[in-house]
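Spelled out, the chains give:
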Amino acid sequence: MPSSLTCAQDPPATLDTVGLVDQRLGNAGTSGSAPILEDGDVDPWALPQLKDTGQSWKELSMAGRVLQGAADFLKACGLLGSLYLFICSLDILSSAFQLLGSKVAGDIFKDNVVLSNPVAGLVIGVLGTVLVQSSSTSSSIVVSMVASKLLTVRASVPVIMGVNVGTSVTSTLVSMAQSGDRDAFRRAFGGSAVHGVFNWLTALTLLPLESAAAPLERLSALALGAASLQPGGRAPDILKVLTRPLTRLIVQLDADVITGRGTGNATNSSLIKRWCGTEVQTTAGNSSTCAAATGGPCPARNSSAAEEQLPCRHLFEGTALADLAVGFILLAASLLVLCACLALIVKLLSSTLRGRVGQAVSTVVNADFPSPFGWLSGYLAILVGAGLTFALQSSSVFTAAVVPLMGVRVISLERAYPLFLGSNIGTTTTALLAALASPSDMLISAVQVALIHFFFNLAGILLWYVVPVLRLPIPLAKRFGDLTARYRWVAVAYLLLSFLLLPLAACGLSLAGSTVLAAVGGPLLVLVLLIILVAILQRHRPAWLPRRLRSWTWLPLWLRSLEPWDRLVSRCCPCKACSPPQAAAKEAHCYENPEVLASQQL
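Report follows, based on the coordinates.

Definitions and cut-offs
Residues numbered from 1 in each chain as written. Predicted model: local features only at pLDDT ≥ 70, side-chain atom pairs only at ≥ 80, totals over all residues. Heavy atoms only, no water. Helix = DSSP H or I, 4+ residues; strand = E, 2+ residues; numbered from the N terminus. Buried < 20%, exposed > 50% of the residue type's maximum accessible area, 1.4 Å probe, protein only. Contact = heavy atoms within 4.5 Å. Axes fitted to C-alpha atoms, helices over the stretch in contact; angles between N-to-C directions. Left-handed = near helix turned anticlockwise from the far one by under 90°. Nonpolar A, V, L, I, M, F, W, Y, C, P; charged D, E, K, R; others polar. Parallel < 35°, antiparallel > 145°, perpendicular 65-115°, else oblique. Core = buried A, V, L, I, M, F, W, Y, C linked by side-chain atoms within 4.5 Å. Polar contact = N/O pair within 3.5 Å; in protein donor to acceptor, adjacent residues only side chain to side chain. Expected span 1.5 Å × (residues − 1). Bend = angle between axes of the 7 residues up to and from the residue.

## Observations concerning the overall build of the protein chain
When helices and strands are tallied, the protein chain shows 24 helices and two strands. For the protein chain, with 602 residues in total, the buried portion stands at 44%. Here the analysis covers contacts within the protein chain between residues at least 6 apart in sequence; of these, 77% occur between residues at least 24 apart.

Below you can see the structure in the form of structure tokens.
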């Protein structure tokens, strides 16, 4: 490598010719306890060996032990209380999104002509789940439409795929609360991205296959025919039992209104629940005391019974505000509480999980079986993720709890990946039990839709986990994490593009007709595949390419680097959080020099 061209006092490292992003850029405050790479850089994704800087329990005096025990007890209480409020805020956040988007989501779902298009069905599943922030609600709408003959089972498969994709938006929102620390944000956002990338890859792979041969529909029909269905009870909802006493005091929603809007059977009534039951009042001559003894109205001839509706007891009972206004109020309040609780949880975890305690927890969570059975550790993590999600009855809560642990270096990305896959399986088993509790006229449709959801996630595991070389979500998530650590606004762009703008564009093209979709989407897809192929050849077989295509230096700067876009964002948002580290800016400017690029080894 020529030594005449240098930047920032260090010889420039070999460039990544795809995105021109230096993988070495990280948090300026990263500790040196993480493993060191061959070129002297700190690996931001490796779990460090935590050092215990405090005194051991034996070295403390009696007063010190009492103070230490009291501090640990208060930390545990603060952690449990913050976690409880965090889960409650997620519930209120879901209610806020339902108030804001349930009417739109219902209008989207009830257009069964649009849902007959597989691409539109996938996009509508994504948008509907993002709007109501509940995969269970979206799935129940699909089940009701299938049972009401408004939607065929084949047309419901792409919608279920979109519902599965839309669930990953919650963990992405939670990861953005850790954007204050670049190193923690890299790992937290990478953890949320690995879930979203897996769901998108699985949906985009299976959607053409399902449209051509319908394997998921046929497999679910075979499983349905081999089983003898008997209605069963619902799974115990542990989280709802714990959080309902608080969340019911804030707001209560009528879930039947959401489902009715999707099937077209609902009126324009408010989603806020106003009446929570009825009370039978009996008026008779001298029969007022027999009601307490018999548990019902008295069977006297001259008695008359009247039912009186009981109002719900919550904060917005009888409010004159529209659902949209209440939704915005709950959205702002729940996001404020969620961010505050998440920041407190991260601080308490960082203080508690350090030294020997943190090393012990990290060792247990990330432990592998001894050779030659180390490959079984990931599958055990899948079972653990499925079991915990089944116990919590919420995949959003489970994934939102794992993301902060990744930020504080307790769980590695390689271990979080199978946990997220298990969470996908766990939420389908919950839906299956809920389907078994459906009425008899909806039982077959509900179970088949739940089986399609289960086989979809199982196929994703077979595609992107069983063969180690095909675990593409992990390197892609690391790439996203490194990119967002340098340009934090990329996280917002990813959120808007993946879950809003691109789905809306695809939905608009699909509504225009299959000819327009093929004419616009086909060339774009070919272009993306061609860029990926050239990038792979640039990295591994550059001699196979023409000299001009061996690097991207011939492209304009705004097409091969994010620096111009970052300068534009920095002007609009002149804050420290939006700007890259100073060292990163210097190295990026150095690497954008064509002379330096020409001096690099391919």
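## Observations concerning unusual backbone geometry
Residue S371 is joined to P372 through a cis peptide bond whose omega torsion reads 10°. Assignment of secondary structure puts P372 in the loop between α13 (355-365) and α14 (376-392). The backbone of A214 shows a phi angle near 55°, a positive value even though the residue is not glycine. Tracing the backbone shows A214 in the loop between α7 (182-213) and α8 (215-226). Here R409, not a glycine, exhibits a phi torsion of approximately 65°, which is positive. In this fold, R409 is placed in the loop between α15 (395-407) and α16 (413-436). Residue class for R409 comes out buried when judged on its relative accessible area of 11%.

## Quick look at the packing of α7 against α15
What describes two packed helices is the angle between their axes and the distance between those same axes. Relative to each other, α7 and α15 sit at 145°, their axes nearing to 7 Å. Note that α7 runs across α15; the crossing there is right-handed. Taken together, the residues of α15 that come into contact with α7 (itself represented by A184, R187, A188, G191, S192 and H195) are T399, V403, M406 and G407. The class makeup of the residues in the contact of α7 with α15 is four nonpolar, five polar and one charged.

## Brief notes about the packing of α7 against α8
Orientation of α7 relative to α8, taken along the N-to-C sense of each, is 70°, at an axis distance of 7 Å. The pairing of α7 with α8 is recorded here as roughly perpendicular in orientation. Touching L209, E210 and A213 of α7 are P215, L216, E217 and R218, all from α8. When its residues are assigned to classes, the contact of α7 with α8 shows four nonpolar, no polar and three charged.

## A short note on the nonpolar core
As a rule of thumb, soluble globular proteins bury nonpolar side chains together. F86, M161, L330, Y417 and F499 are the most contacted members of the largest nonpolar core, which totals 93 residues. Setting aside its immediate chain neighbours within four residues, F86 contacts V174, L338, C341, L342, I345 and A400. In this structure, V534, L545, W552 and L555 belong to the second largest nonpolar core, which totals five residues.

## Details of the side chain of S395
Turning to its location among the elements, S395 is positioned in helix α15. Classification of S395 by relative accessible area gives buried; the value is 9%.

## Section: the side chain of T167
The residue T167 is located in the loop between α5 (153-166) and α6 (169-175) in this model. A distance of 2.7 Å separates a polar side-chain atom of T167 from the backbone oxygen of N164. Setting aside residues up to four positions removed in sequence, T167 forms contacts with T129, S135, H195, N199 and S396.

## Brief notes about α7
The terminal C-alpha atoms of α7 lie 45 Å apart, and with 32 residues this matches the ideal 46 Å at 1.5 Å per residue to within 8%. Remark: the principal bend of α7, roughly 30°, maps to L206, with a proline, P208, within the next four residues. Within α7, 23 of the 32 residues are buried, which leaves the element mostly enclosed by the surrounding structure. Of the residues that open α7, the one with a side-chain oxygen 3.2 Å from the backbone nitrogen of D183 is D181.

Geometric values such as these leave the question of function open.
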